[in-house]
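Understanding the architecture of this molecule
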Amino acid sequence: MGALNRWLILAGYALVTASTQLLWITYAPIANESAAALHTSVANVGWLSAIFQLIYILLALPTGRWLDQRFAAALRFGAVMLGVGALLRLVGPHSFGWQLAGQIAVAVSQPLVLNALTGIGTRYFPASERPTAIAIGSASIFLGILLATFSGPALYQTGGMVLVLGIQAIPALFGVVWLLLALRTPAPYADLAGNDPQGLRWLLRDRFMWRLGGLLFLGFGIFIALSTWMEAVLGYFGVSSLASGNLLGAMVFAGILGSALLPPLVAGHDRRRSLMVLALLLSGAALAAIAWRHGLPWLASWLFLAGFFLLSTLPVVLEWAEQHAGVSRQGSAVGFLMLLGNAGGLVLVLVLQGLIGEPYKPLLVLGVATLIGLPLALGLPARLSNTSPLTP
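About the criteria used
Residues numbered from 1 in each chain as written. Predicted model: local features only at pLDDT ≥ 70, side-chain atom pairs only at ≥ 80, totals over all residues. Heavy atoms only, no water. Salt bridge = Lys/Arg side-chain N within 4 Å of Asp/Glu carboxyl O. Helix = DSSP H or I, 4+ residues; strand = E, 2+ residues; numbered from the N terminus. Expected span 1.5 Å × (residues − 1). Buried < 20%, exposed > 50% of the residue type's maximum accessible area, 1.4 Å probe, protein only. Core = buried A, V, L, I, M, F, W, Y, C linked by side-chain atoms within 4.5 Å. Contact = heavy atoms within 4.5 Å. Phe/Tyr/Trp six-rings, centres within 6.5 Å; stacked < 30°, edge-to-face > 60°. Polar contact = N/O pair within 3.5 Å; in protein donor to acceptor, adjacent residues only side chain to side chain. Axes fitted to C-alpha atoms, helices over the stretch in contact; angles between N-to-C directions. Parallel < 35°, antiparallel > 145°, perpendicular 65-115°, else oblique. Left-handed = near helix turned anticlockwise from the far one by under 90°. Nonpolar A, V, L, I, M, F, W, Y, C, P; charged D, E, K, R; others polar.

**What about the pattern of salt bridges?**
Inspection of every chain in the model, using the stated rule, returns three salt bridges. For the salt bridge of arginine 6 with glutamate 129, the shortest nitrogen-to-oxygen distance reads 2.8 Å. Of the two residues, arginine 6 is situated in helix H1 (residues 3-25) and glutamate 129 in the loop between helix H6 (117-124) and helix H7 (130-182); the sequence distance between them amounts to 123 residues. A salt bridge links arginine 272 to glutamate 319, with the shortest nitrogen-to-oxygen separation between them at 2.9 Å.

Next up, the structure:
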């Protein structure tokens, strides 16, 4: 398979991945407007996003195992469910029931699409290009979040919910067709899927995977909790909702850059553990800086720095897990890690919800989470050669 073909396959996959996040976050930046348009409460609108984490936790391991056994079929089904969800949302643009049905369909597609991230790299790319392929796939996750954050309010002001759902459906449907056509190309590299008789039992005894999972629980959880409650926390310091949204956008944009640029460099110099430790230290410093001073340039600088390093750890963790688990277990490995990442987001969001009346306690909790993560990161092997790969 030519170089152009594999990069076109990755581009189609990245578009589908970004679309899952775009449709997930649709209602969050326009929660009050969505509640009015759908004739429901803001709390109910929150479920249109929260349902994704619940379904991911339920489906992460089964979908990962399916990807290990029948990669192309599982990914095709995930893409089709994304398209179904986008179309269901268009059926009743002012009906909460139709929006919930569409979100459930997209939520089912999400673990199948995201858990395939390392599989695309190992099946279609030579070893030297896999860190870059995984980095691009991971960056598309944050790109979708960024597009949702900024496009939703502007589209709603222009044409209401109909325009929001219609415009956001376009990249999703285009990406589905693109990926389904791309997957007709045979994967040129060895596919050992289905040759592991242990199923998911190997995860129970693998300390390395649990350590990576603990880091993703904390790191991804910090990002999700901070994204969810940033407006409320910064509001106590006199920061407007518009400015908070822009600060979140700066953090996510920095994460896109970091996810695209850092993983190939880190993999090339075998400095994965060093990045984990640095990301946690900078995240803790950023949280302390937010509590100390509240000027917009100051906040923007620290959030940009934290986002650049913290979010770039996701593709590094996933690539490291793929190297460790092997091709026959990579779907299960990614599913396990993403399960813990989403669980961390759910737990920390709920913990902070009980503290949101205080301006400093939420930041303190997230700071403690970074401290807990440091011994986990320092306990990882310093070099890839010290990570014993598993064999089926």
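Having seen it, we continue.
**Focus: helix H11 (residues 296-310)**
The end-to-end C-alpha separation of H11 is 20 Å, in line with the 21 Å expected for 15 residues at 1.5 Å each. Among the residues of H11, Leu299, Leu303, Ala306, Gly307, Phe308, Phe309 and Leu310 are the ones counted as buried.

**Re the nonpolar core**
In terms of nonpolar packing, the biggest core is built from 111 residues, with Tyr13, Leu75, Phe142 and Leu337 touching the most fellow members. Broken down by element, the residue count for this core peaks at 16 residues, all from helix H8 (residues 207-235). Apart from the residues lying within four places of it in its own chain, the contact partners of leucine 75 are Tyr13, Leu67, Leu112, Val113, Ala116, Ile120, Leu179 and Leu183. The next biggest cluster of nonpolar side chains, apart from the first, holds 11 residues, and it includes Leu38, Val45, Leu48 and Leu165.

**Looking at the packing of aromatic side chains**
Taken as a whole and assessed by the stated rule, the structure comprises 12 aromatic pairs. Centre to centre, the rings of tryptophan 7 and phenylalanine 125 are 4.8 Å apart; their planes meet at 70 degrees, and the pair counts as edge-to-face. Of this pair, tryptophan 7 sits in helix H1 while phenylalanine 125 sits in the loop between H6 and H7, placing them 118 residues apart in sequence. What makes tryptophan 7 partly exposed here is its relative accessible area of 31%.

**Notes on the environment of aspartate 68**
Tracing the backbone through its elements, the reader meets aspartate 68 in helix H3 (residues 42-69). Residue classification places aspartate 68 among the buried residues on the basis of a relative accessible area of 1%. Remark: the alpha-carbon pair of aspartate 68 and valine 327, spanning 259 residues in sequence, is separated by 7.9 Å. Polar contacts involving the side chain of aspartate 68 include one to the side chain of serine 332, which spans 2.6 Å.

**Some thoughts on the packing of H8 against helix H12 (residues 313-325)**
One way to put it is that H8 packs onto H12 with a least axis distance of 11 Å and a crossing angle of 165 degrees. Between H8 and H12, the angle falls in the class roughly antiparallel. Here H8 and H12 pass one another in a crossing that is left-handed. Two secondary-structure elements touch here, H8 through Phe208, Met209, Leu212, Leu216 and Phe220 and H12 through Leu314, Val317, Trp320, Ala321 and His324. Of the residues contributing to the contact of H8 with H12, the split by class is nine nonpolar, one polar and no charged.

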